[in-house]
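Next come the chains, spelled out residue by residue.
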Amino acid sequence: PRWLFVNGCASVMEGGNRAGAARDPNWVWAEAFIETFAQQLVSGWTKSSSDKGKEARNTDSPRQTKKVSSLRAAQTPRRLYPSGQVSLVPAYYEPPTPKHDIVWDGSMGERKLNVKNFWKHFACFQATDFNRGAVQALEKLGRYRKPLWYDPMLASAAPIMVEHQIEYHREELDDGRGGHVMLDWAHPEEEGTPGADVPTVMVFPGLAGHSDKDYIRSLCTAITDSLGWRACVMNWKGFHDAPIAKGGVFRPDDISDMEVAIEAAHRRHPNDLLFAVGFSAGSNQLVKFLGSRGEHHPVAAGVSVCNGFEYEKHVRRIEETTVGQEVYSRGMTYLHQEYLRKHRDELSQIEGFDLDRALAATKHSELDEALVCSLYGYSDVADYYRAVACRPHIPNVTVPLLCVQAGDDPLFTEGGVKCRDVLPVDELHDNPNVIYFETELGSHLSFIEAEVPGGVSRHEHTFCDRIVDAFLSYAKERVRRRHTF
């Protein structure tokens, strides 16, 4: 039986080699297995035969020599493991292209946008050379490693649950209006020799965010440890020991603090690339900054994460549902009220500001009504909402911008809608510098992953960390430094 099997394997191998260029990828795996298994049988058979002195079956037999030579002739170059051991996989093997589900075909009314679906994510973009390469880099990230216990609401409310050890160095800047802008710098352990190109990544947190938030520490650790770059986090006024001056409070509509922070980072490292990543309210301000400044800023590329692009539209829509009003709207209101309570003494000195009314608000729209006129200086809430929105500035963004949205973000999908149904995806697509990337999962700012798909233990970094790593690494090799600030 062994002899028949070896002869059969040899015949199959010879037939496969005669197939020439028409080699099915699945056949290559079968060929590698058959060849290796047959050689092991021949080796073991000849050894045992020699020990027993069975000359009739010795490898010197003309018939046996012919078949073994045939097997050896069928050998092909093999891939090598890092250890130097030969792999069973032939060097020319290319795995078959996976068939991805069509999450969205790009249909938007009468328009058909350019969309690429992969791993239950999709990217919407104009097919420029840069965009195609960037999307390929995102495709290599693979599927979202969903934890066994994952739920969008739980993920958005729960901390990342991994303590990231990172050391910040505080820098205090004068904002030119009697207040201060607080930056927290994180540096890699080995920053390189003087003159080495070590990019800086500016990080702008979401509402009530600061450098000690879980998702911010996770990203900064990935930037410094994985990429070996610098990270610089801007703390919103009133949060994480960032003081406020009279009237100098955190305002989602005002990008002047962001301008001060970016200018300072550029002055500190004028010869290195400067990137920027914004989350939620910070991403809204980042897109507004990039669009309003046109070419006149030093940011080489940016990443916007969980951006609503229109403030009023989403606040009103969230508050239309019971869950949205009682969970998300009330939660955002509480975060804002926390800093109002902390700075009660300073805020109570502002003439015309009713602090008690602001602290009594139970939903975000009520809080805005209490803050807008007396604290922000607007005539009405409608003017304020128009000033906050970054949507009008999308067409004027002149640098590569990746807009990342989680497909199950409860702030945009509450009520059973899809992110692409409530966000200006067509306007993002129309700017050749912008890529809209909607992930399968991620909730709002969480993007928590398991060590393995379906696992319980959480991975050290988030899917968002991996996205930023892939996109900015790709951009670093292809964008020019900007000295137009």
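Worth saying up front: this structure is predicted, and the values here are computed from it rather than measured.

Reading the values: rules and limits
- Residues numbered from 1 in each chain as written.
- Predicted model: local features only at pLDDT ≥ 70, side-chain atom pairs only at ≥ 80, totals over all residues.
- Heavy atoms only, no water.
- Helix = DSSP H or I, 4+ residues; strand = E, 2+ residues; numbered from the N terminus.
- Buried < 20%, exposed > 50% of the residue type's maximum accessible area, 1.4 Å probe, protein only.
- Contact = heavy atoms within 4.5 Å.
- Areas by Shrake-Rupley, 256 points an atom, 1.4 Å probe, with all protein chains shown as cover.
- Disulfide = S-S within 2.5 Å.
- Patch = residues over 30% accessible without salt bridge, like charges linked within 9 Å, V, L, I, M, F, W, Y side chains within 5 Å.
- Salt bridge = Lys/Arg side-chain N within 4 Å of Asp/Glu carboxyl O.
- Lys, Arg positive; Asp, Glu negative; His and termini not counted.
- Charge placed at Lys NZ, Arg CZ, Asp CG, Glu CD.
- Pairing = 2+ DSSP bridges.
- Axes fitted to C-alpha atoms, helices over the stretch in contact; angles between N-to-C directions.
- Nonpolar A, V, L, I, M, F, W, Y, C, P; charged D, E, K, R; others polar.
- Right-handed = clockwise from strand over helix to strand, strands pointing away.
- Expected span 1.5 Å × (residues − 1).

(A) Representation of the overall build of the protein in the model. Counting secondary structure elements, the protein contains 18 helices and 14 strands. Here the protein, with 485 residues, has 52% of them falling under the buried criterion. Summarising the internal contacts of the protein: among those between residues at least 6 apart in sequence, 72% fall at separations of at least 24. As displayed, the protein offers around 22400 Å² of accessible surface, 51% of which is attributable to carbon and sulfur atoms.

(B) Representation of the state of the cysteines within the structure. Going through the model one piece at a time under the given rule, you end up with 0 disulfides. Left without a disulfide partner, Cys 232 is nearest to the cysteine sulfur of Cys 220, which lies 8.9 Å away. Since its relative accessible area comes to 0%, Cys 232 is described here as buried. Not part of a disulfide, Cys 390 finds its nearest cysteine sulfur in Cys 403, a span of 8.0 Å.

(C) Just a negative patch on the surface, in detail. Together, Glu 189, Glu 190, Asp 225, Glu 451 and Glu 460 make up a region of like negative charge exposed at the surface. For Asp 225, the position within the fold is in helix α6 (residues 214–227). Given a relative accessible area of 53%, Asp 225 falls into the exposed group.

(D) Inspection of the side chain of Arg 317 at higher detail. With respect to the helices and strands, the residue Arg 317 is situated in helix α9 (residues 311–318). The buried charged residue Arg 317 lacks any salt bridge partner; its closest oppositely charged side chain belongs to Glu 320, at an N-O distance of 6.7 Å. Ignoring anything within four residues of it in the chain, the contact list for Arg 317 reads Leu 411, Phe 412, Thr 413, Glu 414, Val 417 and Val 422.

(E) Just a nonpolar patch on the surface, in detail. A cluster of nonpolar side chains, Met 153, Val 323 and Val 327, forms an exposed patch at the surface whose accessible area comes to about 200 Å². Topologically, Val 323 is positioned in helix α10 (residues 322–342).

(F) Spatial organisation of the sheet that holds strand β13 (residues 401–406). Spatially, 10 strands are ordered β5-β6-β14-β13-β12-β11-β9-β10-β8-β7 in an open sheet, and the strand pairing comes out mixed. With partners counted over all chains shown, the strands left at the sheet margins are β5 (115–118) and β7 (169–174), one partner each. Each neighbouring strand pair of the sheet contributes to a mean axis angle of 20°, computed without reference to strand direction. Summarising the sheet, strand β8 (residues 180–186) and strand β10 (residues 230–235) pair through 5 bridges and their orientation is antiparallel. Of the residues in β10, the one forming a bridge with Leu 183 is Met 234. Packing of α6 onto the sheet brings it into contact with β8, β9 (200–204), β10 and β11 (274–279), and relative to β10 it is tilted by some 155°. With respect to the sheet, helix α7 (residues 256–268) is in contact with β7, β8, β9, β10 and β11, its orientation differing from that of β8 by roughly 45°.

(G) Expanded view of the packing of α10 against helix α13 (residues 364–376). Their axes nearest at 9 Å, the elements α10 and α13 cross at an angle of 35°. In this structure, α10 contributes Ser 329, Met 332, Thr 333, His 336, Gln 337 and Leu 340 to the contact, and α13 contributes His 364, Leu 367, Leu 371 and Tyr 376. For the contact of α10 with α13, the residue count by class is 5 nonpolar, 5 polar and no charged.

(H) Summary view of the pairing of β11. Where burial is concerned, most of β11 is hidden: 6 out of the 6 residues are buried. Alternating positions in β11 separate into two faces, Leu 274, Ala 276 and Gly 278 on one and Phe 275, Val 277 and Phe 279 on the other, with burial throughout. Relative to β11, β9 runs parallel, the two being bridged by 5 bridges. In the sheet register, Val 201 faces β11, and the bridge partner there is Phe 275. Bridge analysis of β11 against strand β12 (residues 301–305) gives 5 bridges, and the strand direction is parallel. Across the sheet, residue Phe 279 finds its bridge partner in β12, namely Val 305. Between the parallel elements β11 and β12, the chain passes through helix α8 (residues 281–293) in a crossover that is right-handed.

(I) The arrangement of the pairing of β10 in detail. Of all 6 residues in β10, 6 are buried, a share of seventy percent or more. Of the two faces of β10, both are covered, the one formed by Arg 230, Cys 232 and Met 234 as well as the one formed by Ala 231, Val 233 and Asn 235. Note that β9 and β10 share 4 bridges and pair parallel. Bridge pairing in β10 places Val 203 opposite Val 233. Tracing the backbone out of β9, into α6 and back to the parallel element β10 gives a crossover that is right-handed.

(J) Examining α13 more closely. For α13, which comprises 13 residues, the first-to-last C-alpha distance of 15 Å sits more than 12% below the rise-based estimate of 18 Å (1.5 Å per residue). Of all the residues in α13, the buried ones are His 364, Ser 365, Leu 367, Asp 368, Ala 370, Leu 371, Val 372, Leu 375 and Tyr 376. Next to the buried residues of α13 lie α9, α10, α12 (355–360) and α14 (381–388). Following α13 by one or two positions, Gly 377 has its phi on the positive side, about 85°.

Remember that the coordinates give geometry; whether it matters functionally is a separate question.
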